Amino acid sequence: MMDMLTEGPIRTRIEGAVLEVTLDRPNANAIDLATSRIMGEVFRAFRDDDALRVAILRAAGEKFFCPGWDLKAAAGGDAVDGDYGVGGFGGLQELPHLNKPVICAVNGICCGGGLELALSCDLILAADTARFALPEIRSGTVADAASIKLPKRIPYHVAMDLLLTGRWFDAEEALHWGLLREVCAPHDLLERTWELARHLESGPPLVYAAIKEIVREAEAMRFQDALNRVTRRQFATVDRLYGSEDLLEGQNAFAEKRDPVWKGR
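Rules of the game
- Residues numbered from 1 in each chain as written.
- Predicted model: local features only at pLDDT ≥ 70, side-chain atom pairs only at ≥ 80, totals over all residues.
- Heavy atoms only, no water.
- Helix = DSSP H or I, 4+ residues; strand = E, 2+ residues; numbered from the N terminus.
- Buried < 20%, exposed > 50% of the residue type's maximum accessible area, 1.4 Å probe, protein only.
- Pairing = 2+ DSSP bridges.
- Salt bridge = Lys/Arg side-chain N within 4 Å of Asp/Glu carboxyl O.
- Contact = heavy atoms within 4.5 Å.
- Phe/Tyr/Trp six-rings, centres within 6.5 Å; stacked < 30°, edge-to-face > 60°.
- Lys NZ or Arg CZ within 6 Å of the ring centre and 35° of its normal.

Before going further, it helps to examine unusual backbone geometry. For the peptide bond that leads from Pro 26 to Asn 27, omega is 10°, which places it in the cis range. By the element assignment, Asn 27 lies in the loop between strand S2 (18-23) and helix H1 (33-48). At Asn 29, a residue that is not glycine, the phi angle is positive and equals roughly 65°. One can find Asn 29 in the loop between S2 and H1. Assessed through its relative accessible area of 4%, Asn 29 is described here as buried.

Here it is in structure tokens:
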């Protein structure tokens, strides 16, 4: 099982099969190269640890989730095209083969690379005080990952509005467009996030892995090609699932009208 980090810009704690990762870089939780590399190592260890099934990404404080790239660090010498580590910016954006659910809890300002980091997670919950934006346009640069992801997640013209104007939008609008799973009071955010994490923790990890690989790989494939790869067991996760004890357990539990006991094998 991965070691817990209790200090520095990233803190972790483990409860059962759930890993909680907290970004804590006063004053605004901006991410520099060193922090990004740490986050990549944390999420790679999570990916590779069979004892862990679900991760939560959250941030310390109430005002900021993350404003993205640390401009002060950039002014001090961090190159925008520098070494972000194994997972790319924020440790998640480019981490390969991450086939476990990651939940994001947004507690405040979430903009620029911070929003891109949230978009790298599978499910997002937010406090009703959270605010979002992609303000890169105002500084003469491009929200690169968001320009790729956002038009695939929400209606094209809404995504273009957010990208071309850089305007702020609140949690209710984000919920309306389907970016969020839930909006709740700030004092309920962590509890609601953990409730969801525990629900996923009790689910079938091999099925989760297959879902994530299929969704990820099918994005660049024609429907029939992707479906053929599933039915012919040409995805590694699907092949493992279809030959697993868990598949038999799911079928037996259904027939016996009982809750299945997932072993991840």
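So, next bit.
Moving on, we come to the sheet that holds strand S9 (residues 169-170). Pairing is mixed across the open sheet formed by four strands, whose spatial order is S4-S6-S8-S9. Strands at the two margins of the open sheet, each flanked by one partner only, are strand S4 (64-66) and S9. Note that strand S6 (residues 109-111) and strand S8 (residues 131-133) share three bridges and pair parallel. The residue bridging Cys 111 from the neighbouring strand is Ala 133, located in S8.

Tallied over the full model, the rule gives 22 salt bridges. Between Asp 48 and Arg 47 there is a salt bridge whose closest N-O contact spans 2.8 Å. Taking the shortest distance from any N to any O, the salt bridge between Arg 192 and Glu 182 comes out at 2.6 Å. Remark: Glu 182 occurs in strand S10 (residues 182-184) and Arg 192 occurs in helix H7 (residues 189-201); sequence separation between them is ten residues. For Glu 182, a relative accessible area of 15% gives the class buried. Several salt bridges share partner residues, and in doing so they unite Arg 13, Glu 15, Glu 20, Arg 58 and Arg 198 into one network.

With that out of the way, let us pick up the side chain of Asp 70. Tracing the backbone shows Asp 70 in the loop between S4 and helix H2 (71-75). For Asp 70, a relative accessible area of 11% translates into the label buried. The residues touching Asp 70, leaving out its near neighbours within four places in the chain, are Arg 25, Ala 30, Ile 31 and Asp 32.

With that out of the way, let us pick up the packing of aromatic side chains. The geometry of an aromatic ring pair is captured by two quantities: the separation of the ring centres and the angle between the planes. Taken as a whole, this structure holds three aromatic pairs when the rule is applied. An angle of 75° between the planes, with centres 5.8 Å apart, marks the rings of Tyr 84 and Phe 89 as edge-to-face. For the pair Tyr 84 and Phe 89, one class covers both residues: buried. Ring-pair connections join several aromatic residues into one group, and the members of that group are Trp 69, Tyr 84 and Phe 89. For the cation-ring pair, Lys 100 lies above Phe 46, with the distance from its terminal atom to the ring centre recorded as 4.9 Å.

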